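Structural overview
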Amino acid sequence: MEKSTPCLVGAILILCCCCISHVTSDASDHRYREGDSVPFYANKVGPFHNPSETYRYYDLPFCSPANVEEKKEDLGEVLNGDRLVDAPFKLDFLIDTEPESICRRRLTRKEVAQFRKAVLKDYFFQMYYDDLPIWGFLGKFDSEDKDDPTASARATVYLFKHIHFEILYNKDRIIDVFIRNDPNAVVDLTEDREVNVDFTYSVKWTKTDIPFEKRLEKYSQTSSLHHLEIHWFSIINSCVTVLLLTGFLAMILMRVLKNDFVKFTPDEEAVDDQEESGWKYIHGDVFRYPRYKSLFAAALGTGTQLFTLAIFIFMLALVGVFYPYNRGALFTALVVIYALTSGVAGYSAASFYYTIEGKNWVKILVLTGSLFSGPLFLTFCFLNTVALAYNSTAALPFGTIVVIFLIWTLVTSPLLVLGGIAGKNSQSEFQAPCRTNKYPREIPQLPWYRRTLPQMAMAGFLPFSAIYIELYYIFASVWGHQIYTIYSILFIVFIILLIVTAFVTVALTYFQLATEDHDWWWRSFLCGGSTGLFIYAYCIYYYHARSDMSGFMQTSFFFGYMACICYGFFLMLGTVGFRAALIFVRHIYCSIKCE
């Protein structure tokens, strides 16, 4: 098993890199001659502050070709809500274009109302020219008080009718593309009446010395240069937290491991001190198996799978797979790696379940397979129904749903069963340094702050404080339009999160055992995972205080999917906390003589 692990890791990485290859333009080498047609796709439109509420480009009454051809998209692009179609503009390589008409239209009152509503909601459009992203707003509106919700009814609304493209090139390659709107070339849509519009565009090509290999660097630099000192402050803040916890934990270990020296130092005072430690009295109960063994083992298996998923995602990010605007790469990676690591969940859950004398391996596999994917599936069903009601591109087509179902049926489930069978056959006895008594010892009455919920609050606060600064930038990237590419710093923060979670759980487990409370199995898992609850509380704060998201669909998507993500963090960090606590408990009870 140990020899096959590196091979498995390598196979998963190679498969993921193949599946997540960049979706290139039709001209795969990105080289053109003068007059060549360059792939140009219109993607989607939607409110700027509601990143999940997106619609097809031609859902608005733009000028459209006679035959609108849709680009074939991969799984990740569809999951990302991309719906690429041919753009109505003709931007041939190195061909400057003076203002040229796309079409002349007489907008009906209904179409005017559509555009007016879109402008008032700050709709933007997104396009891709030679795989370079382009954004632009549909129009502008003048209002005395834009913060007043009722002011939009009195606003003067203008629709941009001219778009100017400025394209940078280096020899036979396109380096960058900019879009500018002429503030004077507008049409007034304030009144509810039919309007004649002549949609036009112009193109200007400019030579540059920027090499093709560096054309995406500006997005990475935008991510890394802005507030870089804040990122490092976050790292330093987290490191100080780790150092303090390390010192605190070292003091605890120095105290509890004095038993190692008692054997060689016949000091009565030391012996008296040893007898006063409450955790020694419960050595016959501390390794008593937890209640709901099936659920506990399934939670550990799922948490181990999510931990493995996170590690693989970071490995791909650090080698540069998720560069800016590699459309859908992250979603493809999540689906593929989650499917391939289901065997890890089956193996971890089944092996631990049989280690603690479980019997029903079918039950444990069903629980493991549905503990995370079940709530995720129910959340998806609700949110996809909402997106369908809005006719949004966030709604997955039926074909994509079938593909995901086939992946779950043909890859995830078989690997889960195979992992479960391997875990069942590799069962071993639970390594307990102390024999468990036949009857459990009564747990003394504890003060309120020693109970589960207050302990979870204390356990989750410190790990959350180590990551909360970085959380803002992640949220602004996932639920906004900022770009996040500083994966090295994010990985350091992730490692610090794991260390702080482990240390805090170990410390609280020691305090729990010192009060002669031997029911630590579930407590350590809940305390370790409580950071997920703090992250969800931060979601509420971010939505109300740091974002401008609004509307039922965007609110549902934000809180629905963030609930699933935080639940995943709960399972993953709970597993880390329990594993750390188990190592600690075994270590300290090895240092005493158990009858």
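Above this text sits the structure in question.
Described below are features of the structure shown in this document.

Cut-offs and rules
In every chain, residue numbers begin from 1 and rise along the written sequence. Reporting of local features is limited, given that this is a predicted model, to residues whose pLDDT is at least 70; pairs of side-chain atoms are given and counted only at 80 or more, and all residues count toward the totals for whole chains, interfaces and linings. Where side-chain values are given, they derive from all heavy atoms of the structure, hydrogens and water being excluded. Segments assigned H or I by DSSP are reported as helices when at least four residues long, segments assigned E as strands when at least two residues long, and all are numbered from the N terminus. Accessible area is worked out with a 1.4 Å probe on protein chains only. A residue is then buried under 20% of its type maximum, exposed over 50%, and partly exposed in between. In short, Shrake-Rupley with a 1.4 Å probe defines the accessible areas, and a residue's cover is counted only from the protein chains shown. Note on terminology: disulfide denotes any pair of cysteine sulfur atoms within 2.5 Å. The rule is simple: put a 1 Å grid over the protein atoms alone, call a set of points where a 1.4 Å probe fits but cannot get out a cavity, call an open set with protein on both sides within 12 Å along at least five of seven lines a pocket, and count a residue as lining if it has an atom within 4 Å of a point. Grid points are joined across faces, edges and corners, and a volume is the space filled by probe spheres set on the points. Amino acids outside the nonpolar list (Ala, Val, Leu, Ile, Met, Phe, Trp, Tyr, Cys, Pro) and the charged list (Asp, Glu, Lys, Arg) are all regarded as polar, and Gly is one of them. Two strands are counted as paired when DSSP detects at least two bridges linking them. Every axis corresponds to a line fitted to the C-alpha atoms, with the helix fit spanning only the stretch in contact, and the corresponding angles, defined between N-to-C directions, vary from 0 to 180 degrees. Residue contacts follow a heavy-atom distance rule, with two residues in contact if any of their heavy atoms lie within 4.5 Å. Stacked, edge-to-face and tilted are the three classes for Phe, Tyr and Trp ring pairs, Trp counted by its six-membered ring, which pair at centre distances within 6.5 Å; planes under 30 degrees apart are stacked, over 60 edge-to-face, the rest tilted.

Regarding the overall build of the chain
Along the chain, the regular secondary structure elements total 18 helices and twelve strands. Relative to its full complement of 595 residues, the chain shows a buried share of 49%. With an accessible surface of roughly 29,200 Å², the chain has 61% of that area assigned to carbon and sulfur atoms.

Brief notes about the state of the cysteines
This model, assessed by the stated rule, comprises one disulfide. Paired through a disulfide, Cys63 and Cys103 show a sulfur-sulfur distance of 1.6 Å. Taking the sign of the S-S torsion, about -65 degrees here, the bridge from Cys63 to Cys103 comes out left-handed. With Cys63 in the loop between strand 2 (55–56) and helix 2 (75–79) and Cys103 in strand 4 (residues 97–107), this residue pair connects regions lying 40 residues apart in the sequence.

Quick word on empty space enclosed by the protein
What the rule picks out here adds up to four cavities of 30 Å³ or more. Counted as a void, the largest cavity has a volume near 160 Å³. Tyr57, Phe62, Phe160, Ile163 and Phe199 are, among the 17 residues lining the largest cavity, the residues nearest its centre. For the lining of the largest cavity, the secondary-structure elements that each account for two or more residues are strand 8 (156–160), strand 9 (162–170) and strand 12 (195–207). Along the lines of polarity and charge, the residues of the lining of the largest cavity split into 13 nonpolar, three polar and one charged.

Considerations on the sheet that holds strand 4
Ordered by their spatial adjacency, four strands build an open sheet running 4-12-9-10, and the pairing between neighbours is mixed. Among the strands making up the open sheet, the edge pair consists of strand 4 and strand 10 (173–181). Taking the axes of each pair of neighbouring strands and ignoring which way they run, one obtains an average angle of 20 degrees across the sheet. As defined by bridge partners, strand 9 adjoins strand 12 across eight bridges and the pair is classed as parallel. Considered in strand 12, the bridge of Tyr169 is made with Lys207. Across the sheet, helix 3 (residues 109–120) lies against strand 4 and strand 12, angled at about 125 degrees from strand 4, the strand it touches most.

Here we look at the sheet that holds strand 8
Overall, antiparallel pairing links the three strands, which are arranged 7-8-11 in an open sheet. The open sheet has two free edges, formed respectively by strand 7 (139–142) and strand 11 (186–188), since each of these has just one partner strand. Across the sheet, the axes of successive neighbouring strands diverge by a mean angle of 25 degrees, strand direction being ignored. As judged from the four bridges shared by strand 7 and strand 8, these two strands associate in the antiparallel manner. The residue of strand 8 that forms the bridge with Asp142 is Thr156. Contacts from helix 3 reach strand 7 and strand 8 within the one sheet, and its direction differs from that of strand 8 by about 100 degrees.

Thoughts on the pairing of strand 8
Relative to strand 11, strand 8 is paired through three bridges, and the arrangement is antiparallel. Looking at strand 11, one finds that Tyr158 is bridged to Asp188.

Some points on the packing of aromatic side chains
One pass over the full model with this rule turns up 58 aromatic pairs. Their ring planes at 50 degrees and their centres at 5.5 Å tell us that Phe48 and Phe137 sit as a pair that is tilted. Taken as a pair, Phe48 in the loop between strand 1 (40–47) and strand 2 and Phe137 in strand 6 (residues 132–137) lie far apart in primary sequence, 89 residues in all. Considering the side-chain rings of Phe89 and Tyr201, the 5.5 Å spacing of their centres and the 70 degrees angle between planes classify their relative orientation as edge-to-face. Here Phe89 is found in the loop between strand 3 (85–86) and strand 4, whereas its partner Tyr201 is found in strand 12, with 112 residues between them in sequence. Judged by its relative accessible area of 4%, Tyr201 is buried.

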